[in-house]
Amino acid sequence: MSAVADRFSGCWYKSAKKGFTAGLARDGGEMPLSWQDENLGTMKRVALWLVSEVGEGNKFTKAQLRDTFPGVSQIDRRMRDLRSFGWRIDTNREDVTLAAPEQRFVKQGQPVWEKGVTSRPSHAPAIGATRRREIIAHDDNMCRSCGITPGDVHEDTGEGAQLDIARRKVRVPDGGVAVQLVAECRRCRLGGNKLVADAAGVEARAKGLSEKDQRVLASWIEAGERDFREVERVWASYRALPAEARASVRSAIGLD
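Residues numbered from 1 in each chain as written. Predicted model: local features only at pLDDT ≥ 70, side-chain atom pairs only at ≥ 80, totals over all residues. Heavy atoms only, no water.

### What about the overall build of the chain?
- Along the backbone of the chain there are 10 helices and 8 strands.
- For the chain, with 256 residues in total, the buried portion stands at 29%.
- Long-range contacts, defined here as pairs at least 24 residues apart, represent 52% of the contacts in the chain between residues at least 6 apart.
- Just so you have it, the chain exposes about 16800 Å², and 49% of that area is on carbon and sulfur atoms. (Helix = DSSP H or I, 4+ residues; strand = E, 2+ residues; numbered from the N terminus. Buried < 20%, exposed > 50% of the residue type's maximum accessible area, 1.4 Å probe, protein only. Contact = heavy atoms within 4.5 Å. Areas by Shrake-Rupley, 256 points an atom, 1.4 Å probe, with all protein chains shown as cover.)

Okay, structure coming up:
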């Protein structure tokens, strides 16, 4: 076990090995890889460290990650990049048993240290800060899934909303599926990454409206919002209730 792992052995995985030895064939032989090898890229080193020193199912903190890779810029981001390769690393947003500074290495994904593996999947180019601001501004500075804006609070958890950029599959009018960037709060992004938006269906339904309803819809689109009547707000809240609570509301207004 490395000195770093020993220092945090109360939280980290106690590996029986002295170091992780991922095999990489070179010139007919096999050379061991180590997260301590500074000739490797940062993301590969982080991946090797997670596998050898933390271990699947175990916790670690950002402070421990930074202590392990002192002086390495954007080390948190390099770890997050692993998610694009199928690695699952949970925070307290996904795992409520974790404290705010803690994360859990849940599952290893693609072995990014293997020869020929690129540093980023071709389908997921990096989103720069400028492009990120453009997307959020274009989406009216709100989550396009639930409508929450930065500074708002999720009523059920009290957690402040933070906007992120999601890659959403959209079914387009020609029948194909395109991947488009959209602003979403982190809560919606983590819960809806398998959804496919149906732009073609929305377009068809809009065209099927009466002229009067199309004018109403057009006014909402132009304004970028619509004012819901109180009865509509109550209906939306009612639909989100569990069955027992819905029955209570029905009884309250004389339906049962």
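### What about the state of the cysteines?
- Evaluated as defined, the whole model comprises 0 disulfides.
- Here Cys146 is not cross-linked by a disulfide; its sulfur's nearest cysteine counterpart is in Cys143, at 3.7 Å.
- Free cysteine Cys185: the closest other cysteine sulfur is in Cys188, separated by 3.5 Å.
- Note on Cys185: relative accessible area 1%, which makes it buried. (Disulfide = S-S within 2.5 Å.)

### Details of the pattern of salt bridges
- Per the stated rule, a full pass over the model turns up 8 salt bridges.
- Residue Asp76 pairs with Arg66 through a salt bridge whose shortest N-O separation is 2.4 Å. Of the two residues, Asp76 is situated in helix H4 (residues 75–81) and Arg66 in helix H3 (residues 62–68); the sequence distance between them amounts to 10 residues.
- When its relative accessible area of 13% is taken as the criterion, Asp76 is described as buried.
- Note that Arg88 is salt-bridged to Asp90, the shortest N-O span being 2.9 Å.
- Residue class for Arg88 comes out partly exposed when judged on its relative accessible area of 44%. (Salt bridge = Lys/Arg side-chain N within 4 Å of Asp/Glu carboxyl O.)

### With respect to the packing of aromatic side chains
- Enumeration over the complete set of coordinates arrives at 5 aromatic pairs.
- Ring centres of Trp35 and Phe69 lie 5.8 Å apart, and the angle between their planes is 70°; on these two criteria the pair is classed as edge-to-face. Of this pair, Trp35 sits in the loop between strand S2 (29–33) and helix H2 (42–54) while Phe69 sits in the loop between H3 and H4, and the two are 34 residues apart along the sequence.
- A relative accessible area of 4% means that Trp35 is categorised as buried.
- Residue Phe69 is classed as buried on the basis of its relative accessible area of 3%. (Phe/Tyr/Trp six-rings, centres within 6.5 Å; stacked < 30°, edge-to-face > 60°.)

### Remarks on unusual backbone geometry
- One non-glycine residue, Asp140, adopts positive backbone phi at about 60°.
- With respect to the helices, strands and loops of the structure, Asp140 is situated in the loop between helix H5 (129–138) and strand S6 (163–171).
- For Asn141, which is not glycine, the phi torsion reads 55° and is therefore positive.
- Relative to the helices and strands, Asn141 resides in the loop between H5 and S6.
- The class of Asn141 is partly exposed, set by a relative accessible area of 39%.

### Some thoughts on the pairing of strand S5 (residues 102–107)
- Pairing geometry for strand S3 (residues 58–61) and S5, over 4 bridges, is antiparallel. The residue bridging Asn58 from the neighbouring strand is Phe105, located in S5.
- Strand direction decides the pairing type here: strand S4 (residues 88–90) and S5, joined by 3 bridges, are antiparallel. Residue Asp90 lies in a different strand from S5, and its bridge partner there is Arg104. (Pairing = 2+ DSSP bridges.)

### As for the sheet that holds S4
- Within the open sheet, the 3 strands sit side by side as S3-S5-S4. Their pairing is antiparallel. Only two strands of the sheet have a single partner each, and these edge strands are S3 and S4. Neighbour-to-neighbour, the strand axes of this sheet turn through a mean angle of 35°, independent of strand direction. (Axes fitted to C-alpha atoms, helices over the stretch in contact; angles between N-to-C directions.)

### Regarding a positive patch on the surface
- On the surface, a cluster of positive charge is contributed by Lys62, Arg80, Arg83 and Arg93.
- Tracing the sequence through the fold places Arg83 in the loop between H4 and S4.
- Using a relative accessible area of 33% as the deciding quantity, one classes Arg83 as partly exposed. (Patch = residues over 30% accessible without salt bridge, like charges linked within 9 Å, V, L, I, M, F, W, Y side chains within 5 Å. Lys, Arg positive; Asp, Glu negative; His and termini not counted. Charge placed at Lys NZ, Arg CZ, Asp CG, Glu CD.)

### Describing the environment of Thr68
- Within the element layout of this structure, Thr68 appears in helix H3.
- Classification of Thr68 by relative accessible area gives buried; the value is 7%.
- Of the polar contacts made by the side chain of Thr68, one reaches the backbone oxygen of Gln64; its length is 2.7 Å. (Polar contact = N/O pair within 3.5 Å; in protein donor to acceptor, adjacent residues only side chain to side chain.)

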